[in-house]
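Architecture and fold: a report
Residue-level listing of the chains:
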Amino acid sequence: MNNSSTKIYRKLDLSRLPKHLAIIMDGNGRWATKRGLPRNMGHKAGCENIKRITQNIYDLGIEMVTFFAFSTENWKRPKDEIDGIFNLIRDYMNEYKDEYLEKDVKVMFFGELKDLPQDLTKAMEDIMEKTKNCKKMTVNFAVNYGGRSEILRAVNKAIKGRKELDFNGFEELLYTRNLPDPDFVIRTSGEMRISNFMLYQMAYSELYFTKTYWPSFNNKDLQHALINFQKRKRRFGNIK
Ligand code: IPE
Ligand code: IPE
Ligand code: MG
């Protein structure tokens, strides 16, 4: 991330940004197919877009972003596509770890990480360790993540603990312990579903869907979404 010049649009109020933005990055495959390219080229373009959008988010001053990168259901895909995605994530982390550290950005992963290939978990551990004390911003990646598995895993842990839990106690057992709930969730590609993403944490998130495929989603689209977020009235069950 360079000291780049993310253009800031006039209508965006920088004092009212979401504290935690989450993005369901969908449409890589269709982006590629539309251009006559193999699906993995869509994942490559999508990966490059993570870099650009992270820079934009950083420049805006949003404290935390979570990218949904691979779901527990994505194992249903052909092996070469899955391997391609894992290689891209591994190379991305190895390439940018120093830059994240320089920019004081903490990188975190959550999901069933132990079931991922070793070279990938190694790259994840490296960057998490390197950036663990960074303070300016946190970037999370949900990898081999499923909301239902997360809840089931927490329930099983709770049973082993043999003690009734309150919300705080239960939340401690989720992958996202210590993370605030996402205020705003963007899904690209036109699908209007959450596909097993942060089921517990999204109880009161504001949702935003755009038809744009993830590799084409740019700074302008991001700010358009954020302006939309700023028009929302979050009531949390109250009347005002
Ligand atoms: C999102 O793009 C990336 C992952 C789920 C890993 P897709 O690969 O789902 O792209 P589409 O939805 O098939 O276009
Ligand atoms: C959601 O996209 C998962 C990620 C973005 C990682 P999918 O492409 O897997 O979702 P579905 O299958 O269309 O619901
Ligand atoms: Mg998809």
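Keep in mind that what you see is a predicted model, and the values were worked out from it rather than measured. (Residues numbered from 1 in each chain as written. Chains lettered and ligands numbered in written order. Predicted model: local features only at pLDDT ≥ 70, side-chain atom pairs only at ≥ 80, totals over all residues. Heavy atoms only, no water.)

1. Focus on the site of ligand 2
To keep it simple, the criterion reads: What makes a residue near a molecule or strand is one non-hydrogen atom of that residue sitting within 4 Å of it. By the criterion applied in these results, polar contacts are pairs of N or O atoms within 3.5 Å in which, for protein atoms, one can donate a hydrogen and the other can accept it, and in which residues neighboring in sequence qualify only through two side-chain atoms. Accessible areas in this description were obtained via Shrake-Rupley with a 1.4 Å probe; residue shielding takes into account the shown protein chains only. Strands are runs of DSSP state E lasting at least two residues, helices are runs of H or I lasting at least four, and both sets are numbered from the N terminus onward. Note on residue classes: Ala, Val, Leu, Ile, Met, Phe, Trp, Tyr, Cys and Pro are nonpolar, Asp, Glu, Lys and Arg are charged, and everything else, Gly too, is polar.
Every residue close to ligand 2 is listed here: Ile24, Met25, Asp26, Phe68, Ala69, Phe70, Ser71, Asn74, Arg77, Arg187, Arg193 and Ser195. Between ligand 2 and the protein, one listed contact pairs an oxygen atom with a side-chain N or O atom of Arg193 at 2.8 Å. Within the complex, the protein chains bury 79% of what would otherwise be the 390 Å² of accessible surface of ligand 2. The dominant element in the shell around ligand 2, judged by the number of residues it contributes, is strand 2 (residues 64-71), at four residues. Looking at side-chain class alone, the shell around ligand 2 contains five nonpolar, three polar and four charged residues.

2. A few points about the environment of Leu60
Defined as follows: When checking whether two residues touch, look at their non-hydrogen atoms; a contact exists if any pair is within 4.5 Å.
Tracing the backbone shows Leu60 in helix 2 (residues 39-60). For the pair formed by Leu60 and Leu17, sequence separation is 43 residues and the distance between their alpha carbons is 8.5 Å. Residues within four places of Leu60 in sequence aside, it is in contact with Ile8, Leu12, Leu14, Leu17, Leu222, Gln223 and Leu226.

3. Concerning the side chain of Asn49
Our working definition: Exposed residues in this analysis have more than 50% of their type's maximum accessible area, buried residues have under 20%, and partly exposed residues fall in between, with area computed by a 1.4 Å probe over protein chains only.
Relative to the elements of secondary structure, Asn49 occurs in helix 2. Residue class for Asn49 comes out buried when judged on its relative accessible area of 1%. A distance of 2.8 Å separates a polar atom in the side chain of Asn49 from the backbone oxygen of Trp214. Excluding residues within four positions of it along the chain, Asn49 makes contact with Trp214, Pro215 and Phe217.

4. So, the packing of aromatic side chains
Let me state the cut-off plainly: Geometry of aromatic contacts follows a simple scheme: Phe, Tyr and Trp rings, the Trp one being its six-membered ring, pair when their centres are within 6.5 Å, and the pair is stacked under 30 degrees between planes, edge-to-face over 60, tilted otherwise.
Tallied over the full model, the rule gives 18 aromatic pairs. For the ring pair Phe67 and Phe141, a centre distance of 5.6 Å and an interplane angle of 25 degrees mean the geometry is stacked. With Phe67 in strand 2 and Phe141 in strand 4 (residues 137-145), this residue pair connects regions lying 74 residues apart in the sequence. A relative accessible area of 0% means that Phe67 is categorised as buried. For Phe141, a relative accessible area of 2% gives the class buried.

5. Quick word on the site of ligand 1
Taken together, 13 residues surround ligand 1, and among them Asp26, Gly29, Arg30, Arg39 and Arg77 come closest. With respect to ligand 1, the side chain of Arg77 contributes an N or O atom lying 2.7 Å from an oxygen atom. In isolation ligand 1 offers 380 Å² of accessible surface; the protein chains occlude 87% of this area. Counting only elements with at least two residues in the shell around ligand 1, the list comes to helix 1 (28-34), helix 2 and helix 3 (79-102).

6. What to know about helix 5 (residues 147-161)
We count it as follows: Multiplying 1.5 Å by the residue count of a helix minus one yields the expected span of that helix. Each direction from the helix axis to a C-beta atom contributes to the arc, which is the arc of those directions.
For helix 5, which comprises 15 residues, the first-to-last C-alpha distance of 21 Å matches the rise-based estimate of 21 Å (1.5 Å per residue) to within 8%. Looking at helix 5, one finds that the buried residues are Gly147, Glu150, Ala154 and Ala158. Viewed along the axis of helix 5, the buried residues span an arc of 70 degrees, placing them on a single side of the element. Structural note: helix 5 exposes Arg148, Leu152, Ile159 and Lys160 on the side pointing more than 90 degrees away from its buried face. Where the residues of helix 5 are buried, they touch strand 4 and helix 6 (167-171). Following helix 5 by one or two positions, Arg162 has its phi on the positive side, about 50 degrees.

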